[in-house]
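Residue-level structure breakdown
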Amino acid sequence: MAKKNSSLQKQTLKVIFNNLADLSDENLIQIIEMGEKYLIDDPTLKQQAEDIKKLFEQKHPALELVRRTLTSISKECRDKLIENLIINAMVVENQRRQKLAKELGFGLPWFFVMSPTAQCNLNCRGCYAGRYIKDEGLPFELVDRILNEAKELGIYFVVISGGEPYFWPHILEVFEKHNDMYFMTYTNGTLLTKEMTKKLAKLGNVAPAISIEGFEKETDDRRGPGTFKKIMEAMDNLKEAGVPFGFSVTPTKLNVEALMSDEFVDLMIQKGCSFGWYFQYVPVGRKPDVNLMVSPEDRNRLRMRTNEIRNTKPLFVGDFWNDGPYAGGCIAGARPGGYFHINCNGGVEPCAFLQFSVDNIKDKHLLDIIRSPFFQAFQEAQPYCDNGNLLTPCAFIDNPEVLRRIVKEYNAKPSYEGADDAVCNPTICHFLDEYSKAYKKIADPVWENGMNKKYKHWKEKAAESAKKNNKKD
């Protein structure tokens, strides 16, 4: 019966998403209502369908984004986007993951980031991975094992980072062998030639996110002369080949105005981006510099701006720290529905920016690491601040004392020489203490003015998860 229901759900969802690009708004709404009849036994799916229907009824820009994406990508990419990402990762395997979590007694993450290599052809100032040892890397056999174990846990979405992921010689082999999974790659874009993008289009299960710093001046200043033009060429190659893609930006004091501008966002839409990620600069990696961090005031402006972009532009954007309320706070430490990071040496970190590990994937299975006491400590500490403000979700820049305490308590190993500056360097620690206080003075009134009630269910879920973990121990 379970297999029959699963098959029915897959077929229903395929019909819905395969018709999104061509039908009228009214017919699309009718299709979703028809789908709800088949999905009525699953409250999560039913709510998701209802939310999509409301967006269509409101003529939200998301409708244009869906149409544009599905009509502009190749057939292989469209099929894999629907079957691997939406149906496998988001729906069917999500249900299996939730069922497995009940059997295990603790929740499971939705995805993870893996950096199989630290090698890169650029030397970007302030790179978060800039101090990993370059000649280290993960062998294909290990990555293959990790992905097989992930699928056993119902995890079908994986992000590949680096270094530069397209420097890793086995990258296409992994995409091809695990063609039932969906991948996103964080890349500098310089290796996305016409030949490479045609291969990605044929595989269909990859969406690159290209790192860019704004316009030509900002990008070349951080990434090297000529990089901006290469990125523009890479985006053109992806668009021509029919590969879905987006951008990834690091707001700093030097480029935050450019990244928030209509001109930049419209350029990304014009080039063909379907999504974009905003990762505010934090002092890790190559030559960490606290003076590059955006001010608390600009961080709040960025929070409001990303919401505005989502509501007015046919582009999905996410803000890694400011979107805490929508994600239930910090998603690090393999939190249920969250993620973790496997670095190029196999060290498993709670987050790509919290560069400490207790376990190594070479020595342990994925499930054992997910339920490790080190990861559970981050989960149980949430929400990190007393008032539960999900606008200040980070254990690094918002609640730095939490990171210091957990690293010390579990004797976590820094991922490279100098990584422990985040918890030991007096200059960085003092700055983050003062920064977190300053931002809370801005964010707390916003949170307490009704947002705390709107998102209180996340606090209840966190408490329930922590209780289960303690009971399991």
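This section reports on the structure supplied with the text. Because the structure is a prediction, the values reported are computed rather than measured. (Residues numbered from 1 in each chain as written. Predicted model: local features only at pLDDT ≥ 70, side-chain atom pairs only at ≥ 80, totals over all residues. Heavy atoms only, no water.)

Side note on the side chain of Asp220
Inspection of the secondary structure puts Asp220 in helix H9 (residues 216-223). Buried charged residue Asp220 carries no salt bridge. Nearest counter-charge: Lys229, at 7.2 Å. Only 3.2 Å separates the side chain of Asp220 from the backbone nitrogen of Gly226, close enough to count as a polar contact. Ignoring any residue separated from it by four or fewer positions in sequence, one finds Asp220 in contact with Pro225, Gly226, Thr227 and Phe228. (Helix = DSSP H or I, 4+ residues; strand = E, 2+ residues; numbered from the N terminus. Buried < 20%, exposed > 50% of the residue type's maximum accessible area, 1.4 Å probe, protein only. Lys, Arg positive; Asp, Glu negative; His and termini not counted. Salt bridge = Lys/Arg side-chain N within 4 Å of Asp/Glu carboxyl O. Polar contact = N/O pair within 3.5 Å; in protein donor to acceptor, adjacent residues only side chain to side chain. Contact = heavy atoms within 4.5 Å.)

Digging into the packing of aromatic side chains
Applying the stated criterion across every chain yields a total of 23 aromatic pairs. Ring centres of Phe111 and Tyr339 lie 5.2 Å apart, and the angle between their planes is 10°; this geometry places the pair in the stacked category. Taken together, the residues span a long stretch of sequence, with Phe111 in strand S1 (residues 111-114) and Tyr339 in the loop between helix H14 (324-327) and strand S8 (341-342) at a distance of 228 residues. Judged by its relative accessible area of 14%, Phe111 falls in the buried class. Among the aromatic side chains, those forming a connected cluster through ring pairs are Trp110, Phe111, Phe157, Tyr186, Phe279, Phe320, Trp321, Tyr339 and Phe353. (Phe/Tyr/Trp six-rings, centres within 6.5 Å; stacked < 30°, edge-to-face > 60°.)

Some thoughts on the sheet that holds strand S7 (residues 316-319)
Where strands meet in a sheet, backbone hydrogen bonds hold them as pairs that are either parallel or antiparallel. In spatial order, the strands read S7-S6-S5-S4-S3-S2-S1-S8-S9; together these nine strands make up an open sheet with mixed pairing. Two strands in the sheet have a free side with no partner beyond their single neighbour: S7 and strand S9 (348-349). The pairing of S1 with S8 spans two bridges and is classified as parallel. Bridge pairing in S8 links Val113 to His341. The sheet contacts of helix H6 (residues 140-152) involve S1, strand S2 (157-160), strand S3 (182-187) and S8, and relative to S1 the element is tilted by about 175°. (Pairing = 2+ DSSP bridges. Axes fitted to C-alpha atoms, helices over the stretch in contact; angles between N-to-C directions.)

Quick notes on the pattern of salt bridges
A complete count under the given rule lists 23 salt bridges for this structure. When the shortest N-O distance is used, the salt bridge between Arg301 and Glu257 registers 2.8 Å. Of this pair, Arg301 sits in helix H13 (residues 296-312) while Glu257 sits in helix H11 (residues 256-260), and the two are 44 residues apart along the sequence. For Lys313, the salt bridge goes to Asp262, with nearest N and O atoms at 3.2 Å. In this pair, Lys313 is assigned in the loop between H13 and S7 and Asp262 in helix H12 (residues 262-271), connecting sequence segments 51 residues apart. Taking relative accessible area as the criterion, Asp262 reaches 37% and is therefore assigned partly exposed. Salt bridges sharing partners connect three or more residues here, namely Asp262, Asp266, Arg305, Glu308 and Lys313.

Here's the deal with the pairing of S2
Burial of S2 is two-sided: the residues Phe157 and Val159 facing one way and the residues Val158 and Ile160 facing the other way are all buried. As defined by bridge partners, S1 adjoins S2 across four bridges and the pair is classed as parallel. Bridging from a neighbouring strand, Phe111 pairs with Phe157 of S2. Here S2 pairs with S3 via four bridges, running parallel. Residue Ile160 lies in a different strand from S3, and its bridge partner there is Thr185. Crossover connection from S2 via helix H7 (residues 171-177) to parallel S3: handedness right-handed. (Right-handed = clockwise from strand over helix to strand, strands pointing away.)

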